[in-house]
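Chain residues, written in single-letter form:
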There are 6 protein chains.
Amino acid sequence: MKHVILGVEKFQKEVFPGKKAEFERLANGQSPEVLFITCSDSRIDPNLVTQTEPGDLFICRNAGNVIPPHSNVTGGMTASIEFAVAALGVTHIVVCGHTDCGAMKGALSPQKLDSLPHVKEWLSHCRVATEVVKERTGSAELDDNHLEEVTKENVVQQIQHLRTHPAVAAKLAAGRIQLHGWVYNIETGDVLCYDDETREFTPVNQQPGGSDAATS
Amino acid sequence: MKHVILGVEKFQKEVFPGKKAEFERLANGQSPEVLFITCSDSRIDPNLVTQTEPGDLFICRNAGNVIPPHSNVTGGMTASIEFAVAALGVTHIVVCGHTDCGAMKGALSPQKLDSLPHVKEWLSHCRVATEVVKERTGSAELDDNHLEEVTKENVVQQIQHLRTHPAVAAKLAAGRIQLHGWVYNIETGDVLCYDDETREFTPVNQQPGGSDAATS
Amino acid sequence: MKHVILGVEKFQKEVFPGKKAEFERLANGQSPEVLFITCSDSRIDPNLVTQTEPGDLFICRNAGNVIPPHSNVTGGMTASIEFAVAALGVTHIVVCGHTDCGAMKGALSPQKLDSLPHVKEWLSHCRVATEVVKERTGSAELDDNHLEEVTKENVVQQIQHLRTHPAVAAKLAAGRIQLHGWVYNIETGDVLCYDDETREFTPVNQQPGGSDAATS
Amino acid sequence: MKHVILGVEKFQKEVFPGKKAEFERLANGQSPEVLFITCSDSRIDPNLVTQTEPGDLFICRNAGNVIPPHSNVTGGMTASIEFAVAALGVTHIVVCGHTDCGAMKGALSPQKLDSLPHVKEWLSHCRVATEVVKERTGSAELDDNHLEEVTKENVVQQIQHLRTHPAVAAKLAAGRIQLHGWVYNIETGDVLCYDDETREFTPVNQQPGGSDAATS
Amino acid sequence: MKHVILGVEKFQKEVFPGKKAEFERLANGQSPEVLFITCSDSRIDPNLVTQTEPGDLFICRNAGNVIPPHSNVTGGMTASIEFAVAALGVTHIVVCGHTDCGAMKGALSPQKLDSLPHVKEWLSHCRVATEVVKERTGSAELDDNHLEEVTKENVVQQIQHLRTHPAVAAKLAAGRIQLHGWVYNIETGDVLCYDDETREFTPVNQQPGGSDAATS
Amino acid sequence: MKHVILGVEKFQKEVFPGKKAEFERLANGQSPEVLFITCSDSRIDPNLVTQTEPGDLFICRNAGNVIPPHSNVTGGMTASIEFAVAALGVTHIVVCGHTDCGAMKGALSPQKLDSLPHVKEWLSHCRVATEVVKERTGSAELDDNHLEEVTKENVVQQIQHLRTHPAVAAKLAAGRIQLHGWVYNIETGDVLCYDDETREFTPVNQQPGGSDAATS
Ligand SMILES: [Zn+2]
Ligand SMILES: [Zn+2]
Ligand SMILES: [Zn+2]
Ligand SMILES: [Zn+2]
Ligand SMILES: [Zn+2]
Ligand SMILES: [Zn+2]
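Residues numbered from 1 in each chain as written. Chains lettered and ligands numbered in written order. Predicted model: local features only at pLDDT ≥ 70, side-chain atom pairs only at ≥ 80, totals over all residues. Heavy atoms only, no water.

Caption draft 1: Representation of the packing of aromatic side chains. What the rule picks out here adds up to 39 aromatic pairs over all chains. Their ring planes at 80° and their centres at 5.9 Å tell us that Phe36(A) and Trp182(A) sit as a pair that is edge-to-face. Of this pair, Phe36(A) sits in strand E1 (residues 34-39) while Trp182(A) sits in strand E4 (residues 178-184), placing them 146 residues apart in sequence. Overall, Phe36(A) belongs to the buried group, its relative accessible area being 2%. Relative to Phe23(F), the ring of Phe16(F) has its centre 5.4 Å away and its plane inclined at 20°; by these criteria the two rings are stacked. Among the residues examined, Phe16(F) registers a relative accessible area of 7% and is labelled buried. In this structure Phe23(F) comes out as buried when scored by relative accessible area, which is 0%. (Phe/Tyr/Trp six-rings, centres within 6.5 Å; stacked < 30°, edge-to-face > 60°. Helix = DSSP H or I, 4+ residues; strand = E, 2+ residues; numbered from the N terminus. Buried < 20%, exposed > 50% of the residue type's maximum accessible area, 1.4 Å probe, protein only.)

Structure, rendered in structure tokens:
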């Protein structure tokens, strides 16, 4: 923890002075264009990977980049999505999974999670992804060989969950918001993006016009 | 959104090559020392403020850096905390609030949140902070003048909520984890830290030994 | 109630004998092809409208033909859908709304539902439909003029909710189930069907090949 | 599914014209006398069995004709019952179980339901019936020989659940509503009715005055 | 609080020695015959009113002597009832309301409870009693003149809720448990008991055989 | 049950007359100073152990003297605490565990509770205590030798849960309420009290000034 404290000091002495004007501008409000939902995994730094600045991304993070379907029982994701879409007016939502995700490994083998009862319960929101992969591959059980496919399918299904949130559905129907499904590769730095038409993931920066294919 | 896509490309071309070895080392596992819980606010970049690298901080973010008390109904925070503490073995938890927080403004005036029903419900986990400030200041109603005090009290109370989570309570009882309450000032870059003894917030980098006073 | 009792007697004396063989065949099992979800409204008789026989339709009915998104808190719809899809293996699901629906009128004016607290809460699963219509029409408030549009949109959105149920999503991904959105006109007997491509409702029996356009 | 679509066409061409006046009369409102709650099973057609017409029965259907006891967490049954009793003013409620019910078989052997987690959870509302049969018969475990008794007891207990719903309890106390417990025999067409006095099920059409014995 | 501490000292010095043998006998187990459910009100001492000794009554107390209907979401009452009936094998359950009950006053005027949101929500389990009294008396609103009737009806309805708990229903069906509804008058010391046949409350000690009329 | 009925009669004839004035004074209101939370165990009589009179203690009792952490889903304890603290204004809360507690034995061995599903679920609010004892003693499993330590730790942790309730936290912050953790020994009559400073339990009547050490 000591280097974290020292890092704050370093930030204040060496980094903040150069960004003083920017932070003063931001002091009294934010108007991010993007809601960025990703895993809590320590190896992901959304601002680093997208080379964005403070003020650019409204960021929600939890184990597994899970988005529970809308319900009348409010949780943190539901509230944060409502805040981002209906109050802040973001126009893009990125759901970003990643390689070597501990949560996805847990979803593959829920029987190993008995000592982590809350993780097990939370990952039942990912059961939709494992059921899809089982049905598609004809596998009664999944193992680590299915990790990549489940990671991708989880992103696709969490986007389906997003669509059940009233604020998101309303903006979607009016064409005022776009949804993006990403998978970040920790080892290579690659970012794949889901294409709703082809139902494939392709590199985000090799898509026509330099922009990824938003699902809508 | 376009600059976010272009940012990814820039990351891959200009930044990743210089960190290649580091990311390869991280590709097959994480072992963060710190669970960092903060607001989804776009103006906060935890890795920037603490000058830390990928792999250092397991990060949970939601509107208001709220931690619901432990219950049998699992939400994302409960599961992510269990994962960080019981599975990854973090030894420090930082709860970091911030100035000009939209969620805290909502907690001050819940009657203004009727069009954001889920935000209103979620912020009922902050009612403990507003009730404390009302009782302490003898105010029947709160307004924006109480924003700083409620922001600080919210950090203190969310740490109390943390203590009800079994994995956290177990490590605390054995002296194997430390809890830290921070408030980050967007305008000045200052980070205040809660001292459990004095019940005051003081600058994180002006504390004895260069380390902040952990509550325990 | 007396005519209902007498009706049972009439059924046994006049109707059952002519269907004896059929009912004996059905006595030890069902294998319906279709899960039919519709409103509890007394004016709808699914077997009459589709001219189907006992054994053909597995039928779920509640006020408003509502399908809560999948969650970890089980309700009757969630369980019945799981039973129909995963245990019985239905290959089609019809969600059938209707004209002059009391539940849809309630969704339009939730403020009138204070004396019916459970109806009000249940219809919050339809808020997604009213929010869509508000956004699309630019209306801050809705009234009875929006009844038809909200009724149709509700069918579309409940189908979105269906997609979040793991058993349904799995079959959809493998192309083993089809979803159909209908609106039944009580006054004219017409049945409109939603076309996922055109995003329009058209008469079910005027579609190419005599079969409706399933969404997928 | 094709014969269902063709059935709609047949309904419109051959059946609707003969009922045109009736449907026009119904187009702008319903005032059913009876709330009819039964299983989703495809072999049950409530309007056929009671020889009733559109407008007569407000119908709720789910797997197992289950009525959760009243709670503050609203589900579809709770809302639909409130709507039928408090808004529409029905004066009779029929709870109709049936022979060869898949849900009742599941209630007998919950350990077989591990692959249907929501069905298992939903049927915990029927545990009251299996516990009663176990206690009454002195059986530690139940099997298919108890199917008939559990099916009947389930109807009796779901009626007990009905009594906890405020709108129902209020009408009962004032003598303004009657509750009826039925079991429909798919193979023989018989309908048995529960008699609160004798605690026996007897044929619905062999009761004094041609009317069944309502529980009150 | 000081007199409470001093009371403990007095108990140990003056009272315990005379009951030493009794407490030693009780040290390793309890086998109470009665589950006694009453209000938390400070003016009620169940052992005083029934002149019973330690070991006689298993006692549950909450504001309003409320018993939520059985549900899959476990609360303290549900668990304590299951423990008393299924584990300890009590053969009688007394539900004891009382005069001048603050909770019943709250149930009469829920609109006054806005500053006590949890009390308001909890008392929604008593709405069944107020709805019954409204329907029976033809009153759209209730006031303090209905306090006695609501207090009695609440006891009757909480007993109905008891019947939905599987362990209770099972013992009832087998005739192995009896339910008793009482109202204790703080001012006069009288205890009224509900008679299921006459649907009246009569003095508990003026009933035939010196025993109250159990409902069954 | 007969001796309970006869006890009421005895109370009315022999005890009430001597306390008539006191009960008349109490007939129209209560103002207890203490909220006393203890187990439902039949061997505990709070008024006996503290030698207090009707009007002194507002008493909540459930299996295990459990206090769920504050949540948005209201239960009986949450409501009763809110009523005692915010409406009645108690200034002390005692949480009183006891020796030979059946609930604590259940918490030690949850695997034995499969036939008591609600007890098992309820005791998950005590998992925080068993996890603490496991971590502190380095035991992977607990057994009856840990009963005393778990019983004490459970009292300590339920007090932590109390602190998450807004009304309690507010009074604590203003120094207007004190929390006391007790363990009552059924066999010896001793009452131990938790000292927040030393983290030890010591006899309640051997503490300085004759008053126990309140945690704050
Ligand atoms: Zn991850
Ligand atoms: Zn914030
Ligand atoms: Zn309808
Ligand atoms: Zn059935
Ligand atoms: Zn009371
Ligand atoms: Zn106990």
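Caption draft 2: Quick look at the environment of Asn28(C). Along the polypeptide, Asn28(C) turns up in the loop between helix H2 (20-26) and strand E1 (34-39). Every residue in contact with Asn28(C), bar those within four places of it in the chain, is listed here: Arg43(D) and Asp100(D). (Contact = heavy atoms within 4.5 Å.)

Caption draft 3: A look at the pairing of E4(A). Residue and element names in this part refer to chain A. Burial analysis of E4 places 6 of its 7 residues in the buried class, which makes it a mostly covered element. Where strand E3 (residues 92-98) meets E4, 7 bridges bridge the pair, whose relative direction is parallel. Among the inter-strand pairings, Val95 is bridged to a residue of E4, identified as Gly181. Examined bridge by bridge, E4 and strand E5 (residues 191-195) share 3 bridges and lie antiparallel to one another. Directly across from Val183, in E5, lies its bridge partner Leu192. Counted between consecutive antiparallel strands, the loop separating E4 from E5 contains 6 residues, among which Gly189 sits at a positive phi close to 80°. (Pairing = 2+ DSSP bridges.)

Caption draft 4: Main features of the coordination of the zinc ion (ligand 6). All names here are of chain F. The coordination sphere of the zinc ion (ligand 6), as far as protein atoms go, consists of Cys39 (SG), His98 (NE2) and Cys101 (SG), spread over 2.0 to 2.3 Å. In primary-sequence terms, the residues that donate to the zinc ion (ligand 6) follow C-x58-H-x2-C. With Cys39 in strand E1 (residues 34-39) and His98 in strand E3 (residues 92-98), this pair connects stretches of sequence that are 59 residues apart. The same class applies to Cys39 and to His98, which are both buried. (Donors = N, O, S within 2.8 Å, 3.2 Å for Na, K, Ca; no water.)

Caption draft 5: Representation of the coordination of the zinc ion (ligand 2) within the structure. Residue and element names in this part refer to chain B. Coordination sphere of the zinc ion (ligand 2), protein contribution only: Cys39 (SG), His98 (NE2) and Cys101 (SG), at 2.0 to 2.3 Å. Positions of the donor residues of the zinc ion (ligand 2) along the chain correspond to the pattern C-x58-H-x2-C. Judged by relative accessible area, His98 falls into the buried class, the value being 0%.

Caption draft 6: Focus on the relation of the copies chain A and chain B. Superposition record for chain A on chain B: RMSD 0.0 Å, screw rotation 180°, translation along axis 0.0 Å. Within this description, the copies of the chain are treated as partners about a two-fold rotation axis. For chain A, the minimum C-alpha distance to the rotation axis belongs to Arg61(A) and amounts to 2.4 Å. (Least-squares fit on C-alpha atoms with pLDDT ≥ 70 in both.)

Caption draft 7: Spotlight on the nonpolar core. Within the largest apolar cluster, 134 residues are counted, with the highest numbers of intra-cluster contacts made by Trp182(A) and Trp182(B). Top element by residues in this core is helix H1 (residues 2-26) of chain B. It accounts for 8 residues. (Core = buried A, V, L, I, M, F, W, Y, C linked by side-chain atoms within 4.5 Å.)

Caption draft 8: Representation of the domain arrangement of chain A in the model. All names here are of chain A. Here chain A is partitioned into domain 1 (1-30) and domain 2 (31-212). Put simply, the middle of domain 1 and the middle of domain 2, counted by C-alpha atoms, are 29 Å apart. The partner domain 2 presents 8 residues to the 6 residues of domain 1 that form the contact. Regarding the contact of domain 1 and domain 2, the summed buried area is about 490 Å², with carbon and sulfur atoms giving 53% of it. (Domains from an automatic or database assignment. Buried area = accessible area lost by both parts, 1.4 Å probe.)

Caption draft 9: Quick look at the environment of Ala173(F). When you line up the elements, Ala173(F) lands in helix H9 (residues 166-173). Ala173(F) sits in the partly exposed class, given a relative accessible area of 33%. Aside from chain neighbours lying at most four places away, what touches Ala173(F) is Val132(B) and Arg136(B).

Caption draft 10: Fine view of the interface of chain A and chain B. In this complex, chain A contributes 83 residues to the contact, which on the side of chain B involves 83 residues. When chain A packs against chain B, close to 7,200 Å² is buried across both sides, 62% of that on carbon and sulfur atoms. When residues of chain A are sorted by the area they lose upon contact with chain B, Met1(A), Ser42(A) and His118(A) head the list and together hold 11% of the total. There are 0 salt bridges connecting chain A and chain B. Where chain A packs against chain B, one counts 29 residue pairs in polar contact (both at pLDDT 80 or more). Per element, the largest residue contribution to the side of chain A that touches chain B is 11 residues, and it comes from helix H1 (residues 2-15) of chain A. Of the residues that constitute the side of chain A that touches chain B, the class distribution is 35 nonpolar, 31 polar and 17 charged. (Salt bridge = Lys/Arg side-chain N within 4 Å of Asp/Glu carboxyl O. Polar contact = N/O pair within 3.5 Å; in protein donor to acceptor, adjacent residues only side chain to side chain. Nonpolar A, V, L, I, M, F, W, Y, C, P; charged D, E, K, R; others polar.)

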